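Structural description and commentary
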Amino acid sequence: MHKLILLLIISLYNVSSNIAQDSLKLDEQKVDKKKLATAIVTETVMYTGLMSYLGFVWYKDSERVPFHLYDDSKGYLQIDKMGHAYGAYIESYLCYNWLRKAGVNKNKSLLFGGTMGIIMQTPIEVFDGLYENWGFSWSDMAANTAGSFLLIGQEVFFDKQLLNFKFSFRQSTYADQANGYLGDSPLESLFYDYNGHSYWLSTNVNNIIKNDRIPDWLNIAVGYSANGMFGEFENRTSWGGVALPEVERYRQFFLSPDIDWTKIPTNSKLVKDLFHALNFIKVPAPAIEMNGRDGVILHWLYF
């Protein structure tokens, strides 16, 4: 998951120049070879940089071992799997839209762009299978595939993204009790504190209830998170010689209003590009939480 976050940061940094929706109706136009070449080169440089980082930095302290499998399907209450699916969805979304922007027809864009989440994540899984303390994970591969096919399936059946896959993060209350195990700062916790991760499927309210009075930008989102985790499969009792609190691990489900930033009118290309980048992030908003430990909880503002 940590590797995915690195790739997503790079992807979101580049998103503003690549996914403007008003440039996607290009089936009848010739392919813009310059835009196509730019997309291919940009993606290649990004991915080469990530692979180099993994080879020379990420795995540098890990021993190379024969290829092996690792079953982490039950780890972190599947929050890690949600992260894999989210990462693959964004990669497929970006690559598909890059090709559409360059004038490539829809079917070819789905074939060569929509599948890129799977294609880009597979070598990472293979790398994991070659190093100690890691391993090739079939459940990660399944999550990667699900993320790409969320993009592809919606384009095939609905010709648009009815459901937007989004992410939100807040440093959890457990971070201060973890003696650094969950990170010493909000930035470190983004990588290590899975308790602070939430994943959302967001859709426009007008897709559910057609009403002229409902603004086009108003969405409703369902979310998933988990809490009480001080370890992958079960909680650690200590870290760095300091006892960790005994807490219950549990799943959380949410219902919350959201914003589709791409539906907010603007004549500014800069603002429009910013809105497209923001559309991968769930905005803080009131939320109803349902979990097996506390029942129903109302959050006046949930991040």
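Described below are features of the structure shown in this document. (Residues numbered from 1 in each chain as written. Predicted model: local features only at pLDDT ≥ 70, side-chain atom pairs only at ≥ 80, totals over all residues. Heavy atoms only, no water.)

1. Focus on the packing of helix α5 (residues 116-128) against helix α6 (residues 138-158)
Cut-off, in case you're wondering: Orientation is described by axes fitted as lines to C-alpha atoms, over the contacting stretch for helices, and by angles from 0 to 180 degrees between their N-to-C directions. Labels follow the DSSP assignment, with helices taken as runs of H or I lasting at least four residues and strands as runs of E lasting at least two, numbered in each case from the N terminus. In this scheme, roughly parallel covers angles under 35 degrees and roughly antiparallel covers those over 145, while 65 to 115 is roughly perpendicular and the rest are oblique. The hand of a helix crossing depends on one turn: near helix anticlockwise from the far one by less than a right angle means left-handed, and clockwise means right-handed. Throughout, a contact is declared for two residues whenever any of their heavy atoms are within 4.5 Å. When residues are grouped by polarity, Ala, Val, Leu, Ile, Met, Phe, Trp, Tyr, Cys and Pro land in nonpolar, Asp, Glu, Lys and Arg in charged, and all others, Gly among them, in polar.
α6 packs onto α5 with a crossing angle of 165° between their chain directions and a minimal axis gap of 9 Å. In terms of their interaxial angle, α5 and α6 are classed as roughly antiparallel. Of the two possible hands of crossing, α5 and α6 adopt the one that is right-handed. Residues G117, I118, Q121, T122 and E125 of α5 form the contact with α6, whose participating residues are D140, M141, N144, T145, S148 and F149. In terms of residue class, the contact of α5 with α6 is made up of three nonpolar, six polar and two charged.

2. What to know about a nonpolar patch on the surface
Here is the rule: Patches here are clusters of residues that have more than 30% relative accessible area and form no salt bridge, with a 9 Å joining cutoff for like charges and a 5 Å cutoff for nonpolar side chains (Val, Leu, Ile, Met, Phe, Trp, Tyr). Only the protein chains shown count as cover for residues, and the accessible areas themselves come from Shrake-Rupley with a 1.4 Å probe. The salt bridge definition used is simple: a Lys or Arg side-chain nitrogen within 4 Å of an Asp or Glu carboxyl oxygen.
A cluster of nonpolar residues, V222, F253, L255, I288, M290, V296, L298, W300, L301 and F303, forms a patch on the protein surface that exposes about 1,000 Å² of accessible area. Of all the secondary-structure elements, those providing two or more residues to the nonpolar patch are β6 (250-259), β7 (285-291) and β8 (295-302). Per-element tally for the nonpolar patch: the top contributor is β8, with four residues. One can find L301 in strand β8.

3. So, unusual backbone geometry
Most peptide bonds take the trans configuration, and most residues that are not glycine carry a negative phi. Cut-off, in case you're wondering: Between buried and exposed lies partly exposed: a residue is buried under 20% and exposed over 50% of the maximum accessible area for its type, with that area taken using a 1.4 Å probe on protein chains only.
Here Q78, not a glycine, exhibits a phi torsion of approximately 70°, which is positive. On the basis of relative accessibility, which here comes to 25%, the residue Q78 falls in the partly exposed class.

4. A few points about α6
The condition that has to hold: Expected helix span is given by 1.5 Å per residue-to-residue step, counting one fewer step than there are residues. Think of it this way: the bend at a residue is just the angle between two axes, each fitted to seven residues, one set ending at that residue and the other starting at it.
An ideal rise of 1.5 Å per residue puts 30 Å on 21 residues; α6 measures up with 29 Å between its terminal C-alpha atoms. The largest bend along α6 reaches roughly 30° and is located at F149.

5. A closer look at the environment of A287
Position of A287 relative to the elements: it lies in strand β7. When the C-alpha positions of A287 and W300 are compared, they lie 6.6 Å apart, and in sequence the two are 13 residues distant. If near-sequence neighbours (up to four positions away) are discounted, A287 is found in contact with F254, L255, S256, I297, L298, H299 and Y302.

6. Focus on the environment of F275
You can see F275 is positioned in helix α8 (residues 269-278). For the pair F275 and D260, spaced 15 residues apart in the sequence, the C-alpha separation amounts to 8.5 Å.

7. Observations regarding α8
Just so we agree on the cut-off: Distance and chemistry together define a polar contact, namely a pair of N or O atoms within 3.5 Å, with one atom able to donate a hydrogen and the other to accept it when in protein, and with adjacent residues in sequence counting only for side-chain atoms on both sides.
Among the residues of α8, D273, F275, H276 and A277 are the ones counted as buried. Of the residues flanking the start of α8, the one acting as N-cap is S268, its side-chain oxygen 3.4 Å from the backbone nitrogen of L270.

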